Amino acid sequence: MSQSSDLIQSAQRTIRLELQAVEGLLPHIDADFVRACEMILASKGRVVVVGMGKSGHIGNKIAATLASTGTTAFFVHPAEASHGDMGMITRDDVILALSNSGSTNEIVTLLPLIKRLGIQLISLTGNPESPLAKAADVNLNVHVEHEACPLNLAPTSSTTAALVMGDALAVALLEARGFTAEDFAFSHPGGALGRRLLLKVENVMHEGNDLPQVQRGTLLKDALMEMTRKGLGMTVILEADGRLAGIFTDGDLRRTLDRAIDIHHATIDSVMTPHGKTARADMLAAEALKIMEDHKISALVVVDKEDRPIGALNMHDLLRAGVM
């Protein structure tokens, strides 16, 4: 029990210290922060993030967050920059350099070249009097009083503070650019949000010979055979001119059987749902899902501008596409 208690107290102390480190950033969201944002917004290039060790790991994450929220960014290892990777950086770029001490050798070595090329430099340091902070066009102060490490050695509170400052920068830029959820989806096409915001009905619907369809007046038993052949659990019913007359689904079949209707002699007209809810091919698949959910239905007919069926989809199609 004593060891368990010690472990819990250690973890709680760490969290409290890191909370204090994050709260300590609030006074540093000031004119320098605004200048850093304005510098990036005015830039014609990219944000190039550099950092060594733990700061490098945080820098990688900051670069990824910036890139996914509308600010073109990438990470360059400062040691590699001294051996050729500086060629990846242009005069139009802005460098965001992370170093808690502000005196990391691999970054300080780059400062004369950065200055010579006239590249704008934002530093993110815990020491505003450091060589890096003084060389920067603007410094973001992420100073922390104590690391969560009881030896005050391992980067813990300082890396948390740097990460949060990076998030604050990315979100401020996101809002300043008017970055939308659809913009976000284009940066995340493989994710759930990307599928919801980019996938259209035409990408998942069944069309052509895969679309189950019968004419008005068709016997119910023949309509059921069409449903069985196409395997969508529904069929479209067409007017003589090819426009949508109705839809018949597995649910309609259950209701038909409850009414004791003779499926061998009844026509589809007497049991179909007239017209029914429809979707358009250029509609987002997520919109089609909402129609289904709102009306508690499991299938939709896709129609063109003349109300002629061109496709169909059901819940299973949306589930396979990852929309739901």
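Per an unreviewed UniProt entry, the recorded name for the chain is Arabinose 5-phosphate isomerase, and the organism is Pseudomonas protegens. Under the heading Sequence similarities (unreviewed entry), UniProt records this for the chain: "Belongs to the SIS family. GutQ/KpsF subfamily."

Participant: It is not clear to me how the pattern of salt bridges should be interpreted in this structure. Could you clarify?
Facilitator: A side chain with one charge can pair with a side chain of the opposite charge if their charged atoms come near. Enumeration over the complete set of coordinates arrives at 13 salt bridges. Close ionic contact of Arg 255 with Asp 252 constitutes a salt bridge, the shortest N to O distance being 2.7 Å. Pair noted here: Arg 255 and Asp 252 are both in helix H12 (residues 250-258), with a separation of three residues, about one helical turn. Its relative accessible area of 49% is what places Arg 255 among the partly exposed residues. We classify Asp 252 as buried; its relative accessible area is 5%.

Participant: When you look at helix H2 (residues 31-42) in this model, what are you seeing that I'm missing?
Facilitator: At 3.6 residues per turn, the α-helix brings residues three or four places apart onto the same side. Here H2 is twelve residues long and its end C-alpha atoms lie 16 Å apart, about the 16 Å a rise of 1.5 Å per residue gives. Where H2 is buried, its residues touch strand S1 (47-51), strand S3 (94-99), strand S4 (120-125), strand S5 (138-141) and helix H8 (157-177). A distance of 3.1 Å separates the backbone nitrogen of Asp 32 from a side-chain oxygen at the start of H2, and that oxygen is part of Asp 30.

Participant: I keep staring at the domain arrangement of the chain and nothing clicks. Help me out?
Facilitator: By a widely used convention, the size of an interface equals the accessible area lost when the partners come together. Splitting the chain by domain gives domain 1 (1-178) and domain 2 (199-319). Of note, the centres of domain 1 and domain 2, computed from C-alpha atoms alone, are 56 Å apart.

Participant: It is not clear to me how the layout of surface pockets should be interpreted in this structure. Could you clarify?
Facilitator: By volume, the largest pocket amounts to about 360 Å³. Surrounding the largest pocket, 20 residues form its lining, Thr 249, Gly 251, Ile 297, Ser 298 and Ala 299 being those nearest its centre. Of all elements in the fold, only strand S8 (244-249), H12 and helix H14 (315-320) reach the threshold of two or more residues within the lining of the largest pocket. Looking at the lining of the largest pocket element by element, the count peaks at five residues for H12. Among the residues making up the lining of the largest pocket, the classes are represented as six nonpolar, eight polar and six charged. Counted as a void, the second largest pocket has a volume near 230 Å³. Lining the second largest pocket are 16 residues, and of these Met 52, Ser 55, Ser 99, Asn 100 and Ser 101 sit closest to its centre. Counting only elements with at least two residues in the lining of the second largest pocket, the list comes to helix H3 (53-68), S3 and H8. Looking at the lining of the second largest pocket, the element that brings in the most residues is H8, giving three residues. Each residue belonging to the lining of the second largest pocket can be placed in one class, and the counts come to seven nonpolar, seven polar and two charged.

Participant: Is there a simple way to think about unusual backbone geometry in this case?
Facilitator: For residues that are not glycine, phi is negative in most cases, and the peptide bond is trans in most cases. Even without being glycine, His 275 reaches a positive phi, approximately 60 degrees. Positionally, His 275 belongs in the loop between strand S9 (273-274) and strand S10 (278-279). You can call His 275 partly exposed: its relative accessible area is 30%. A positive phi angle is found at Lys 296, which is not glycine, with a value near 55 degrees. Turning to its location among the elements, Lys 296 is positioned in the loop between helix H13 (285-295) and strand S11 (299-303).

Participant: It is not clear to me how a negative patch on the surface should be interpreted in this structure. Could you clarify?
Facilitator: The grouping of Glu 202, Glu 207, Asp 210, Asp 282 and Glu 287 at the surface amounts to a negative patch. When you line up the elements, Asp 282 lands in the loop between S10 and H13. Overall, Asp 282 belongs to the exposed group, its relative accessible area being 54%.

Participant: Please explain the packing of helix H1 (residues 2-23) against H8 as it appears in this structure.
Facilitator: Any two packed helices are characterised by how steeply their axes cross, that is the angle between the axes, and by the distance between the axes. The contact between H1 and H8 brings their axes to 9 Å, and the two run at 40 degrees. Taken together, the axes of H1 and H8 are oblique relative to one another. Considering only the axes of H1 and H8, their crossing is right-handed. On H8, the residues that touch Leu 17, Glu 18, Ala 21 and Val 22 of H1 are Ser 157, Thr 160, Ala 161 and Val 164.

Participant: Would you mind showing me how to read the sheet that holds strand S2 (residues 73-75) here?
Facilitator: For sheets, the rule is that strands pair by backbone hydrogen bonds, running either parallel or antiparallel. Read from one edge of the open sheet, five strands run S2-S1-S3-S4-S5, paired in parallel fashion. Only two strands of the sheet have a single neighbouring strand rather than two, namely S2 and S5. Strand-to-strand twist across the sheet, computed as the mean angle between neighbouring axes with direction ignored, equals 20 degrees. Bridge count for S4 against S5 is four bridges, and the pairing is parallel. By the bridge assignment, Ile 122 is partnered in S5 with Val 138. Contacts between H3 and the sheet are confined to S1, S2 and S3, with S2 contributing the most and set at about 160 degrees to the helix.

Conventions used here
Residues numbered from 1 in each chain as written. Predicted model: local features only at pLDDT ≥ 70, side-chain atom pairs only at ≥ 80, totals over all residues. Heavy atoms only, no water. UniProt positions renumbered as here; feature names shortened; annotations may be inferred. Salt bridge = Lys/Arg side-chain N within 4 Å of Asp/Glu carboxyl O. Helix = DSSP H or I, 4+ residues; strand = E, 2+ residues; numbered from the N terminus. Buried < 20%, exposed > 50% of the residue type's maximum accessible area, 1.4 Å probe, protein only. Expected span 1.5 Å × (residues − 1). Contact = heavy atoms within 4.5 Å. Polar contact = N/O pair within 3.5 Å; in protein donor to acceptor, adjacent residues only side chain to side chain. Domains from an automatic or database assignment. 1 Å grid on protein atoms, 1.4 Å probe; cavity = no way out; pocket = protein on both sides within 12 Å on 5 of 7 lines; lining within 4 Å. Points joined across faces, edges and corners; volume = space filled by probe spheres on them. Nonpolar A, V, L, I, M, F, W, Y, C, P; charged D, E, K, R; others polar. Patch = residues over 30% accessible without salt bridge, like charges linked within 9 Å, V, L, I, M, F, W, Y side chains within 5 Å. Areas by Shrake-Rupley, 256 points an atom, 1.4 Å probe, with all protein chains shown as cover. Lys, Arg positive; Asp, Glu negative; His and termini not counted. Charge placed at Lys NZ, Arg CZ, Asp CG, Glu CD. Axes fitted to C-alpha atoms, helices over the stretch in contact; angles between N-to-C directions. Parallel < 35°, antiparallel > 145°, perpendicular 65-115°, else oblique. Left-handed = near helix turned anticlockwise from the far one by under 90°. Pairing = 2+ DSSP bridges.

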